[in-house]
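Commentary on secondary and tertiary structure
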Amino acid sequence: MATFLYKLGRFSFRQRRYVVLLWVALLALAGVGAATARSAPADNFTVPGTEAQQAFDLLHERFPGTNADGASARMVFQAPNGQKITAGPNKAAVEKVVTDLKNSPQKATVADPFTADAVSKDGTTAYASVSYVAKSTEITDATHTAIEDAAQHGRDAGLTVETGGTALQASPETGNSEVIGVGIAAVVLLITFSSLVAAGLPLLTAIMGVGVGIASITALATTLGLSSTSSTLASMIGLAVGIDYALFIVSRHRHELMEGRDGEDAAGRAVGTAGSAVVFAGLTVLIALAGLAVVNIPMLTKMGLAAAATVALAVLIALTLIPALLGFAGPKVLTRKVRKGRAKPTDKPNMGTRWARLVVRRRVPFLVAAVVALGLAAIPMSRMELGLPDDGSQPVSTTQRKAYDMLSDGFGPGFNGPLTVVVDAAHSKQPKSAAQDVKRTIAGFADVKTVTGPAFNPKGDTATLTVVPASKPSSTQTEDLVHTIRGHAGDFTDSTGATVLVTGTTAMNIDVSQRLNDALLPYLALVVGLAFLLLMVVFRSVLVPLKAALGFLLSVLAALGAVVAVFQWGWLSGLMGVQQTGPIMSMMPIFMVGVVFGLAMDYEVFLVTRMREAYVHGESPRQAVVTGFTHGARVVSAAAVIMISVFAGFIGSSESMIKMMGFGLAIAVAFDAFVVRMTIVPAVLALLGKSAWWLPRWLDRALPNVDVEGEQLRKNLAERPSLVASSDEDEDEDEDEEDLEGVRV
């Protein structure tokens, strides 16, 4: 592989004009497609195979004409202190607001609170339910304005009016912090390379890759059913890995130039060596992201595949566009002192060398300290509570949260998470009697406040019951109630002949959490297993991939512990802009496992490849660890800081899910790069010695030799010097060659 990539790097360097034009053309084509494409579809959140989804599909079939996917809003009214909402002026004000809502720019059905039994027992609070034909992502700005104006009319009449529901959903805002994250990345690159040109290349190519990726996702959104959420994750992952992959190629190219090689040969060697590491690091990320499909949640699968495609683009750009741009940059990727021959050689070891020597010498204390530190950080994970966000997780200053609290105070904590019980009486001899029997039985269960219905479909063979729990939606009591109703499904069928199913947002959240928990171990086995095989091929070792996997588990558990401490317990919540603590998003653990595993293996491949390279060239195992840090620690540290900065930029998002993902990924990269890869890895390799690179002979013969350390490439170059000769170098390359004469050593 190294030889092939070497030729690819040289070709891209030599034909740089055509390569750059090709990528610019791809960006333009994707941009035109995105500009002319229809808007991204709504998040069609389905969970095939769950009872909640089965009941939801049955409602679509048996209740034709209803639009369960439509957006909804709930406007809550509260009378002034000491007054009733049913008092004449207050009632008139509510009815005026209801009339305004009926005249919404988009078709809506509005239930009058006074005829729909939507007034609290104390008479102080009422609510109007609004159902739209359009989906939440199709609600226009004009409709949003109409809702706000209607609420303001109620406030002008002296009422307290707040609104919740999916109709008020807005696109998440990331704020300026994302830009700050990219700015920090630029500063880190400039410090690392001490050259504006070298620092600018990774940023330019990463933005190019993300641009092509996001534009392509937008262009294909309708065809492939990709939502806007897919673009957010793709931009987050694509930008981070795009900068990192380019950073490693540029860094190796500079090293080869300072070894005295001409521009084309240096680019070829950089792509052949560092590029090999980029390919395998990218493959681990692709495996982790594409592996999300095993969860069998279509929205999560599409998010993973969209992000994986962006990562693949980042790899291709690093292997082709980077060497092409290096051809245009010439010796300017080097510092001015090096170009002018004023750089003085020094025997003083760099910080990476000094750190590696210290860890190798004190390997046991460092190993114990790192493992204990990560273990302590992981402790909060034992108290993790999972759930899906609703209006109760919104900041307390929002109208959605205020409406949620008003409904809880006026109608009980379970009112915000009612359960929908579907009674399929198609095979029952007496459908109405069956529905009433189910209602009476459920009303006697613990933690049930009220049961309303049944409401039958026109054919009369299916009914729905609305069950309001006594506890809040995210409580264990409500979850137990769902399991209790489902546990009696067999009894209902035996006694009435009807099939009873439980659905609704709360039941769907419970089913999603269960699906994610059930899929976690198979997903871990698939992703870690495939990556383990891949790393065995790369490192020709059994223990190095095993150590990499165990180190990853430590870092991801510690990161999840930090997420619980901040977003569930509220530690440092003010600093992170977390206005409301609550359960951790259900998909967070499996999402963290997938994404963090792929990113963690990046640093494992980049750092340990240099160690393997030194070991293959005859150095002792411990010296190889030090050599690997000498060449790789500075660049890996810079890459980690860049990735942390990019992810941390998403903490400024107004969307709690994106904020949590940004923080979780940033802290996970920090733990993995600086504790696991920079401390645990050298300590363990120093303890293992030669055993670290042990591989059974039969397995060595069975595994393909991909030559990631470039040993075969060096042999080929030594035996066939014609590989580095170029008969078709153009005028620009000749000029570059003259400029490089001053930097040869």
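Preceding block: the structure.
Note that the structure is predicted; figures quoted are calculated from it, not measured. (Residues numbered from 1 in each chain as written. Predicted model: local features only at pLDDT ≥ 70, side-chain atom pairs only at ≥ 80, totals over all residues. Heavy atoms only, no water.)

We now examine the packing of aromatic side chains. If you walk through the whole model with that rule in mind, you get seven aromatic pairs. Between tryptophan 355 and phenylalanine 366, the ring centres sit 5.3 Å apart and the planes meet at 80°, which makes this aromatic pair edge-to-face. On the criterion of sequence distance, the pair formed by tryptophan 355 in helix H13 (residues 351-361) and phenylalanine 366 in helix H14 (residues 363-378) is long-range, its members being eleven residues apart. For tryptophan 355, a relative accessible area of 30% gives the class partly exposed. Ring centres of tyrosine 615 and tryptophan 693 lie 5.7 Å apart, and the angle between their planes is 20°; on these two criteria the pair is classed as stacked. Here the residue tyrosine 615 occupies a position in helix H22 (residues 588-616), and tryptophan 693 occupies one in the loop between helix H24 (656-688) and helix H25 (697-702), the gap between them amounting to 78 residues. Every member of this aromatic cluster is reached through a ring pair, and the members are Tyr127, Phe411 and Phe415. Geometry around phenylalanine 328 places arginine 16 over its ring, the cationic atom sitting 5.6 Å from the centre. When the ring centre of phenylalanine 114 is taken as origin, the NZ or CZ atom of lysine 91, which lies over that ring, is 5.3 Å away. (Phe/Tyr/Trp six-rings, centres within 6.5 Å; stacked < 30°, edge-to-face > 60°. Helix = DSSP H or I, 4+ residues; strand = E, 2+ residues; numbered from the N terminus. Buried < 20%, exposed > 50% of the residue type's maximum accessible area, 1.4 Å probe, protein only. Lys NZ or Arg CZ within 6 Å of the ring centre and 35° of its normal.)

When you tally the buried positions in strand E8 (residues 462-469), you get seven out of eight residues, the bulk of the element. Two elements, strand E7 (residues 448-456) and E8, share six bridges in a ladder whose sense is antiparallel. Bridge assignment links valine 448 to a residue of E8, and that residue is proline 469. Counting the residues between successive antiparallel strands, the hairpin from E7 to E8 contains five residues, one of them, glycine 460, with a positive phi of roughly 80°. (Pairing = 2+ DSSP bridges.)

The next subject is H14. Taking 1.5 Å per residue, 16 residues should reach 22 Å; H14 reaches 23 Å between its end C-alpha atoms and fits that length. Listed as buried for H14 are Arg363, Leu367, Ala370, Leu374 and Ala378. The buried residues of H14 occupy an angular sector of 70° when the element is viewed end-on, so they sit on one face. Pointing more than 90 degrees away from the buried face of H14 are the exposed residues Pro365 and Leu376. (Expected span 1.5 Å × (residues − 1). Arc of directions from axis to C-beta.)

With that out of the way, let us pick up helix H19 (residues 505-539). Here H19 is 35 residues long and its end C-alpha atoms lie 48 Å apart, about the 51 Å a rise of 1.5 Å per residue gives. Downstream of H19 by one or two residues, arginine 540 has phi in the positive range, about 50°.

Geometrically, the link from glycine 453 to proline 454 is a cis peptide bond, its omega value of 5° lying close to zero. Of note, proline 454 is situated in strand E7. The backbone phi angle of asparagine 296 is positive, close to 65°, even though this residue is not glycine. Within the fold, asparagine 296 resides in the loop between helix H10 (263-290) and helix H11 (298-329). Asparagine 296 sits in the partly exposed class, given a relative accessible area of 39%.

Strand order across the open sheet formed by four strands is E7-E8-E6-E9, with antiparallel pairing between neighbours. Every other strand in the sheet has two partners, leaving E7 and strand E9 (499-503) as the edge strands with one partner each. Sheet twist, expressed as the mean angle between neighbouring strand axes with direction ignored, is 20°. Alignment of strand E6 (residues 419-424) against E9, held across five bridges, turns out to be antiparallel. Across the sheet, valine 422 pairs through a bridge with leucine 501, a residue of E9. (Axes fitted to C-alpha atoms, helices over the stretch in contact; angles between N-to-C directions.)

Here the focus is the nonpolar core. Residues Ile237, Ile243, Tyr245, Met592, Phe647 and Leu665 are the most contacted members of the largest nonpolar core, which totals 171 residues. Residues in contact with phenylalanine 647, not counting those within four places in the same chain, are Met236, Ile237, Ala240, Leu599, Gly662, Leu665, Ala666 and Val669. Within the second largest apolar cluster, 26 residues are counted, among which are Ala71, Val97, Val98 and Leu168. (Core = buried A, V, L, I, M, F, W, Y, C linked by side-chain atoms within 4.5 Å. Contact = heavy atoms within 4.5 Å.)

Sheet strands pair by backbone hydrogen bonding; their relative direction is either parallel or antiparallel. One open sheet accounts for four strands, arranged E2-E3-E1-E4; its pairing is antiparallel. Both edges of this open sheet fall to strand E2 (108-110) and strand E4 (160-164), since each of them pairs with a single strand only. Sheet twist, expressed as the average angle between the axes of neighbouring strands with direction ignored, equals 20°. As defined by bridge partners, E2 adjoins strand E3 (residues 125-132) across three bridges and the pair is classed as antiparallel. By the bridge assignment for E3, alanine 108 is matched with tyrosine 132. This element, helix H5 (residues 141-156), spans strand E1 (72-78), E3 and E4 of the sheet and lies at about 155° to E4. Taken strand by strand, helix H15 (residues 399-411) contacts E1, E3 and E4, and its axis lies near 110° from that of E4.

Across the interface, H19 lies against H22 with an axial gap of 11 Å and an inter-helix angle of 15°. When the axis of H19 is compared with that of H22, the two are roughly parallel. Where H19 crosses over H22, the handedness of that crossing is right-handed. Here H19 contributes Leu516, Ala519, Leu520, Tyr523, Leu524, Val527, Val528, Ala531, Leu535 and Phe539 to the contact with H22, which in turn contributes Ile590, Val593, Gly594, Phe597, Met601, Glu604, Val605, Val608, Thr609 and Arg612. (Parallel < 35°, antiparallel > 145°, perpendicular 65-115°, else oblique. Left-handed = near helix turned anticlockwise from the far one by under 90°.)

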